[in-house]
Each structure stands twice: as C-alpha cells, then as structure tokens.
Amino acid sequence: MIATDATISFVSFYVNGSWERPEGRTSGSVTNPATGTLLAELPYADESDVDNAVRGAHAAFLKWRDVPVVDRVQVLYRFKALLEKHAAELAAILTRENGKTAADAKGEVHRAVQMVEVACGMPSLMMGDALNDVAAGIDCKTIRQPLGVCAGITPFNFPAMVPMWMYPFAIACGNTFVLKPSEKVPLTPTRAIGLLHDAGLPPGVLNLIHGGKGAVDALLHHPLVKAVSFVGSTPVARHVYTTAAAQGKRVQALGGAKNHLIVMPDADMPKTVDAIIGSAFGGAGERCLAGSVLVPVGEAAGPLLDLLVQRTRALAVGDGSQQGVEMGPLVSSDHCQRVEGYIQKGVAEGATPLVDGRERKAAGNGYFLGPTIFDHVTPEMTIGRDEIFGPVLSVMRVNTLEDAIQLVNRSPYGNATAIFTSSGKAAREYSSRCEVGMVGVNVGVAAPMAFFPFAGWKHSFFGDLHAHGKDAVAFYTEQKVIMSRWF
Ligand code: NAD
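Residues numbered from 1 in each chain as written. Predicted model: local features only at pLDDT ≥ 70, side-chain atom pairs only at ≥ 80, totals over all residues. Heavy atoms only, no water.

Visitor: Would you mind showing me how to read the packing of helix α3 (residues 87–98) against helix α7 (residues 187–198) here?
Guide: Working note: a packed helix pair is described by the angle between its axes plus the distance between those axes. Put simply, α3 and α7 touch, their axes get as near as 8 Å, and they point 160° apart. Put simply, α3 runs roughly antiparallel to α7. Along the contact surface, α3 presents Glu89, Leu90, Ile93, Leu94 and Glu97, while α7 presents Leu187, Thr188, Pro189, Arg191, Ala192 and Leu195. Looking at the contact of α3 with α7, its residues break down into seven nonpolar, one polar and three charged. (Axes fitted to C-alpha atoms, helices over the stretch in contact; angles between N-to-C directions. Helix = DSSP H or I, 4+ residues; strand = E, 2+ residues; numbered from the N terminus. Parallel < 35°, antiparallel > 145°, perpendicular 65-115°, else oblique. Contact = heavy atoms within 4.5 Å. Nonpolar A, V, L, I, M, F, W, Y, C, P; charged D, E, K, R; others polar.)

This is how it looks when you write it as structure tokens:
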C-alpha cells in the first residue's frame, strides 16, 4: 500500500519544446524510498509517443546542425548557470526520489554541472586536423559532423548525472536528442530539462519521454535514431547493444559491475577503511563503481576487518534528507527485498556474516537495510558472483597479489577496481594487469571526471567509445576527410 501526500504531481513528456500530458497511457508511480510516499504518477510512452518525439527531433536536427557550434554552446553556458542556481532544489528532488543522502545528491549535481562545462568546450573539442600539400597542390583536412537523432536511456542511480554524460555532448556536437530516463527517478531529469528549456534551447533539440521496456524498444527500432547511449544493468545493456547495432545504429551500452577492492598488508588501514566504507556503502551500494568484493591479501585481513566491522556497525542509516545520515534507503521495495534475498542466500551458501544489515531495518514504510559484510565468500557463491547493487560487501581472502589478479580477471565484469597499498610496485603491477576499465590506487571510487572517458570492460560495457570526455565527441560525430585541389 502506498501512502500519498499533497505534493503528488503528474510528470509530462517534453517534446518539440512543449510539455505534453498524454492521456490514457499506462502509468507508473514514483515513490520516496525513505517514506514509501507516492510522489508522482508517470505516463509510459507508447510507440506513437516515441515516433512523435523522434520525428520532432529529426525536424529540429535539420536546422540545429547548421547553427554554428559557438552559438550552440551559448545555450549550454546559460544552462550551466541555471543548474548552479537551482543546485539545491535539484539535489532535494534527487534525494526525495532516489533516497541518496543530501551530501551525495549535492555531489552528483556538481558532477552533472561539470559535464555541461566540458561540453561548452565543443568548439575546441570538435576541431579536426589539416595538412596542406599532402600531394602536389592538394590539401587534406578532417571535419566532424553530427549524426542526427541520438537516444539516451538511463538508470535509477544517478538521475542528475548520467543523462548529462549524454545530451550536453550530443547537442553541442549538433545532434538532437531523445532521453528516456529511469521510470523510478524521472523527476530530477525532468526538472533539469525544464532548466534547459529556460536556457533557450530551440524546440525539438532535446526531447523527453518516460516509460520502460516498450519505450526503449521503440527507440531501438526507430529508423531515424542514429545512435543510442545506454547505461544500466548488463542484461539490458546487451539487449540494447545487439538490437540497435543489428540495425546499423552506433551504440555505447554501459552495464553492471562486480568491483573488487584489493588491500595489501602494507596499506594505511584507517584511511583504507574510510575509503572502503565510502565505496561499499556510499549511495547504499547502488553505484556501478561500488566496491562489492573486498580482497585482503595475506596478513591484511586481520587488522582490516576488525576496523571495518567496527566502522560499519556505527554507520548512520536513515532518511537521506536528514542531517548526519550516512546511508539512505534502497530505491524501491522490490529492490530492497531482492538485496535481502541475497543476504539470505549468502547465509544459506555458507558465507560468514560479520555484519548483518537485516538487523538494522528501520521501522516505517521506507526501504531500509543496514550495511552487510560477509567473510569467507567464494567466487562460486551467488553473492560472490552476481551484481547485488546494494550495501553488501563480500570478503574473499587471498594469499598473494598474483592470486588477487587471477581472481579479478576471472570475473565476467570489468567495470572498476581499486588497490590499497604503500608499494608503488604493487600498485603498478595491479593497475597494468587487471582487466578492468577504471582503476583506483588508494582511491575507493575511481570515477573519471567529465573530461576523461568513463566505462568498464568485458560484460560491463558493450560498444567501442566510452561515455563523456573525448570519447563522447567521437561517439556523437561522424568523421569526414576532405581532400582539395584548386585549378
Ligand atoms: P536497468 O537495466 O533495470 O534499467 C536501465 C534502463 O533500461 C531504464 O531506463 C529502464 O527503463 C530500461 N529497461 C529496463 N529493463 C529493460 C528491458 N528489458 N528492455 C529495455 N529497456 C529496459 O538498470 P537500473 O536498475 O535502472 O540501474 C542499475 C544498473 O545500472 C546496475 O546494474 C548498475 O551497475 C548499472 N549502472 C552502470 C553504470 C556504468 O557506468 N556502467 C552506471 C550506472 C548504473
């Protein structure tokens, strides 16, 4: 049973520069995970809604591509200023629909703004190369041109930031865009797009629709969609990649993760424990960069686990909007039950619970679960294998760094990892040999900044060009070589 409150709203689509409230669509609900309160009703786009948004985006593309890039980014400069002005409001919406703490939400909005800042540099980033006299009297240059309509499909865990990995770069390059954010957290991206509207974006350049699989599949099959950016779980990333690529679309599909944190005996234990707590339990473990497997090497286990268990027990769990709370609820009731199911499975399969999050389920209607640590987990156990996407840390002890490298490289995922050590040699060896896309050295959450690329390897990523940074410019443009001779 979902309680409602007076602030309940109906979320609209944004198509061709107008807010549309479609009637008679299947709808879903958006809830506050800290209270179980209904926040909004969400219409799910059907095929005709998707077609309408894509056709609008296509019509806008025919004009937007010819707007000089220096003028295109003026809109983004104004957007950045509005995002900064409304940062506290956006962060509050984010906490309300996602559950993350106020500090995490503020940090996420800041990261989103950085994406826009980097996209504002598109006049320099889009530049090609030129060389005169490649043959007698012949000059050669490369230029980058936009693709057309691009689509973005995003997950629930970073509703302010992940859409901004996509559309600021895409539209700065001269494309137009259709965004389908997660149906669990549509309010933050909707508010951000309201600010982009206020910044003066021409109609149709960015369009927003809501929904689930139906809307996604309609985008993947639409002939006018030229490129698809996806971030979400591995099974859906694979589906998006295979479906869209089979139709000749350009695709980048970022998937799930099972990230290992390696701790050498020579690590600075108090600082390492701080980093592990942030990595494993920050954002309630609902991060693709979350450390979910802790790998103490040799003698590291004893001092590390004593301190870690003590700190984990003291972690303040509660409503993320309250001061002092370090970990909020999980995003939904279903997801909370799923994570709890993994804890049950861990116990049933013989892992040793050092901290059991089920003991800290808060009273009330929120989707709370405390942080959990299991010792003596093996890669064959369900909790050692699956992405749990919650505050559950599995400890897999190994004897040597070589064992740690073998363990990490056997994982089907390769999103992120970290090594904690005071040995430059061990750090170098690990960083160079692990088959993982993003590596931290004494950094628990190795999140690349907006001007670097972001993505994992193996089953954590399907495609070629990663998110944001220079890869985004390459992804959202087609390169052309022009050779000229004048008689
Ligand atoms: P999800 O895969 O359930 O949903 C992601 C998006 O896909 C949503 O917009 C959803 O509506 C849509 N979708 C869901 N099922 C679909 C289907 N069967 N067909 C077509 N579309 C579908 O992911 P989530 O639960 O929202 O987010 C958590 C996942 O995202 C985790 O696996 C996490 O690791 C991953 N993630 C990865 C990164 C990264 O950079 N690799 C970043 C953030 C999140």
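Visitor: It is not clear to me how the site of the ligand should be interpreted in this structure. Could you clarify?
Guide: The environment of the ligand is made up of 29 residues, and the closest members are Lys180, Glu183, Ser233, Gly255 and Glu387. A distance of 3.1 Å separates an oxygen atom of the ligand from a polar atom in the backbone of Phe156. One of the backbone N or O atoms of Gly255 is found 2.8 Å from a nitrogen atom in the ligand. In isolation the ligand has 840 Å² of accessible area, and contact with the protein removes 88% of it. (Near = heavy atom within 4 Å. Polar contact = N/O pair within 3.5 Å; in protein donor to acceptor, adjacent residues only side chain to side chain. Areas by Shrake-Rupley, 256 points an atom, 1.4 Å probe, with all protein chains shown as cover.)

Visitor: Whenever I open this one, helix α1 (residues 47–64) confuses me. Can you help?
Guide: Every α-helix winds through 3.6 residues per turn, so residues three or four apart in the chain are directed the same way. Relative to the 26 Å expected for 18 residues at 1.5 Å per residue, α1 spans 25 Å between its end C-alpha atoms, a close match to the ideal helical length. Every buried residue of α1 is listed here: Asp49, Val50, Ala53, Val54, Gly56, Ala57, Ala60, Phe61 and Trp64. The buried side chains of α1 occupy one side of the element, clustering within an arc of 160° when seen end-on. The outward face of α1, more than 90 degrees from its buried face, is lined by the exposed residues Glu47 and Lys63. (Expected span 1.5 Å × (residues − 1). Buried < 20%, exposed > 50% of the residue type's maximum accessible area, 1.4 Å probe, protein only. Arc of directions from axis to C-beta.)

Visitor: Any chance you could explain the packing of aromatic side chains here in plain terms?
Guide: Two measures describe an aromatic ring pair: the distance that separates the ring centres and the angle between the ring planes. Evaluated as defined, the whole model comprises eight aromatic pairs. Arranged with centres 5.7 Å apart and planes meeting at 85°, the rings of Phe156 and Phe389 form a pair that is edge-to-face. Note that Phe156 is positioned in the loop between β8 (149–153) and α6 (162–172) and Phe389 in the loop between α13 (382–385) and β17 (392–395), a separation of 233 residues in sequence. An identical accessibility class is assigned to Phe156 and Phe389; each is buried. With centroids separated by 5.0 Å and ring planes inclined at 85°, the aromatic side chains of Phe475 and Tyr476 adopt a geometry described as edge-to-face. Assessed through its relative accessible area of 0%, Tyr476 is described here as buried. Members of the aromatic cluster, joined through ring pairs, are Phe79, Tyr167 and Phe177. (Phe/Tyr/Trp six-rings, centres within 6.5 Å; stacked < 30°, edge-to-face > 60°.)

Visitor: How do you make sense of the sheet that holds strand β13 (residues 259–263) when you look at a structure like this?
Guide: Picture the strands of a sheet paired through backbone hydrogen bonds; they go either parallel or antiparallel. Overall, mixed pairing links the seven strands, which are arranged β15-β16-β17-β14-β13-β19-β20 in an open sheet. Each edge of the open sheet is held by one strand with a lone partner, namely β15 (352–355) and β20 (438–441). Put simply, the sheet's adjacent strands are angled 20° from each other on average, direction ignored. Across four bridges, β13 lies against strand β19 (residues 416–420) in parallel orientation. Bridge pairing in β19 places His260 opposite Thr417. Sheet contacts for helix α11 (residues 301–313): β13, β14 (291–296), β15, β16 (372–375) and β17; angle to β15, the most-contacted strand, approximately 55°. (Pairing = 2+ DSSP bridges.)

Visitor: Please clarify how empty space enclosed by the protein should be interpreted in this entry.
Guide: Space left empty within the atom packing is revealed by a probe, the size of a water molecule, rolled over the atoms. Under the criterion given, the structure shown has four cavities of 30 Å³ or more. By volume, the largest cavity is sized at about 110 Å³. Each residue belonging to the lining of the largest cavity can be placed in one class, and the counts come to seven nonpolar, five polar and three charged. Taken as a whole, the second largest cavity encloses approximately 40 Å³ of empty space. (1 Å grid on protein atoms, 1.4 Å probe; cavity = no way out; pocket = protein on both sides within 12 Å on 5 of 7 lines; lining within 4 Å. Points joined across faces, edges and corners; volume = space filled by probe spheres on them.)

Visitor: Got a minute to help me understand the environment of Ala244 in this structure?
Guide: Mapped onto the fold, Ala244 is located in helix α9 (residues 234–246). For Ala244, a relative accessible area of 0% corresponds to the buried category. Linking Ala244 and Ala40, residues 204 residues apart in sequence, is a C-alpha distance of 31 Å. In this structure, Ala244 is in contact with Leu220, Val228, Lys249 and Val251, ignoring residues within four places of it in sequence.

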